[in-house]
Amino acid sequence: KDVNEPLHILLKDGVLLCTLFNKFASNAIPRINKTSLPFKQMENISNYLKACEKVGLSERERFQTVDLYEGEEMMNVMNHLRVLRLYTEKYSGDLSSLLPSSSGETKLPVKVATPTKPRRKWTIGQPAPLPEGTITPPST
């Protein structure tokens, strides 16, 4: 492919996306259609997006097949590629460990929310205490 082509044209058949993803997760997309038939090209894009879902990219972090194929919403595609780059950096370029095992068990990391600072306890009818070192308003 000619690298001087617009991004939409380079990615439209889904071959480059599938090949790229297989570099991060070996053989995650085993069959890549290299035909000019539109439904096969859309199938490639769809398979790519399914693989992204399997490694944990949320629906908001992915684009729709038509966004790329029709080239109408390329900003969605660009945002997705940015997220994918950050995701692959987070996992040092190896997403294969995040794919489900053959038994279907997912290996997605579990995110545990831990508060960074203590929560303030509110009491109804009483003013919140001011932090230490704060100037108090003059009493009337």
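Residues numbered from 1 in each chain as written. Predicted model: local features only at pLDDT ≥ 70, side-chain atom pairs only at ≥ 80, totals over all residues. Heavy atoms only, no water.

1. Some details on the overall build of the protein chain
Logical step 1: Helices and strands together make up the secondary structure of the protein chain, namely five helices and zero strands.
Logical step 2: Along the protein chain, from the amino end to the carboxyl end, the secondary structure elements read α-α-α-α-α.
Logical step 3: Burial statistics for the protein chain: of 140 residues in total, 29% are counted as buried.
Logical step 4: The long-range share in the protein chain, meaning contacts at least 24 apart out of those at least 6 apart in sequence, stands at 47%.
Logical step 5: Surface accessibility of the protein chain: about 10,500 Å² in total, with carbon and sulfur atoms responsible for 55%. (Helix = DSSP H or I, 4+ residues; strand = E, 2+ residues; numbered from the N terminus. Buried < 20%, exposed > 50% of the residue type's maximum accessible area, 1.4 Å probe, protein only. Contact = heavy atoms within 4.5 Å. Areas by Shrake-Rupley, 256 points an atom, 1.4 Å probe, with all protein chains shown as cover.)

2. So, helix 3 (residues 38-54)
Logical step 1: In a regular helix each residue adds 1.5 Å, so 17 residues correspond to 24 Å; helix 3 covers 24 Å between its end C-alpha atoms and thus fits that length.
Logical step 2: Within the sequence span of helix 3, burial applies to Lys40, Gln41, Asn44, Ile45, Tyr48, Leu49, Ala51 and Cys52.
Logical step 3: Looking at the buried positions of helix 3, the neighbouring elements they touch are helix 2 (15-24), helix 4 (65-69) and helix 5 (74-90). (Expected span 1.5 Å × (residues − 1).)

3. Some remarks on the nonpolar core
Within soluble globular proteins, side chains that are nonpolar tend to cluster in buried spots.
Logical step 1: Among the nonpolar cores identified, the biggest contains 26 residues, and Phe21, Tyr48, Val55, Phe63, Leu68, Tyr87 and Leu95 are the most heavily contacted of them.
Logical step 2: Of all elements in the fold, only helix 2, helix 3, helix 4 and helix 5 reach the threshold of two or more residues within this core.
Logical step 3: Excluding residues within four positions of it along the chain, Leu95 makes contact with Phe21, Phe24, Ala25, Val55, Leu84, Tyr87 and Thr88. (Core = buried A, V, L, I, M, F, W, Y, C linked by side-chain atoms within 4.5 Å.)

4. Notes on the packing of helix 2 against helix 3
Logical step 1: Running from N to C, helix 2 and helix 3 point in directions that differ by 30°, and their axes come no closer than 8 Å. In terms of their interaxial angle, helix 2 and helix 3 are classed as roughly parallel. Where helix 2 crosses over helix 3, the handedness of that crossing is left-handed. Residues Val15, Leu17, Cys18 and Phe21 of helix 2 form the contact with helix 3, whose own contacting residues are Asn44, Tyr48, Ala51 and Cys52.
Logical step 2: For the contact of helix 2 with helix 3, the class distribution of residues is seven nonpolar, one polar and no charged. (Axes fitted to C-alpha atoms, helices over the stretch in contact; angles between N-to-C directions. Parallel < 35°, antiparallel > 145°, perpendicular 65-115°, else oblique. Left-handed = near helix turned anticlockwise from the far one by under 90°. Nonpolar A, V, L, I, M, F, W, Y, C, P; charged D, E, K, R; others polar.)

5. Concerning the packing of aromatic side chains
Logical step 1: This structure, assessed with the given rule, holds three aromatic pairs.
Logical step 2: Ring geometry for Phe21 versus Tyr48: centroids 5.9 Å apart, planes at 90°, classification edge-to-face. Pair noted here: Phe21 is in helix 2 and Tyr48 is in helix 3, with a separation of 27 residues, a long-range link. Neither residue differs from the other here; Phe21 and Tyr48 are each classed as buried.
Logical step 3: Between Tyr87 and Tyr91 the ring centres are 5.3 Å apart and the planes differ by 65°, which places this aromatic pair in the edge-to-face class. In this structure, Tyr87 and Tyr91 share a single accessibility class: buried.
Logical step 4: Of the aromatic side chains, those joined through ring pairs into one cluster are Phe21, Tyr48 and Phe63.
Logical step 5: Just above the ring of Tyr69 sits the side chain of Lys12; from NZ or CZ to the centre is 4.6 Å. (Phe/Tyr/Trp six-rings, centres within 6.5 Å; stacked < 30°, edge-to-face > 60°. Lys NZ or Arg CZ within 6 Å of the ring centre and 35° of its normal.)

6. Observations concerning the side chain of His8
Logical step 1: Position of His8 among the secondary structure elements: in helix 1 (residues 7-11).
Logical step 2: Residues within four places of His8 in sequence aside, it is in contact with Leu68, Tyr69, Glu70, Gly71 and Met74.

7. What to know about the pattern of salt bridges
Logical step 1: Taken as a whole, this structure holds two salt bridges when the rule is applied.
Logical step 2: With a shortest N-O distance of 3.7 Å, Arg31 and Glu43 are connected by a salt bridge. Of this pair, Arg31 sits in the loop between helix 2 and helix 3 while Glu43 sits in helix 3, and the two are 12 residues apart along the sequence. (Salt bridge = Lys/Arg side-chain N within 4 Å of Asp/Glu carboxyl O.)

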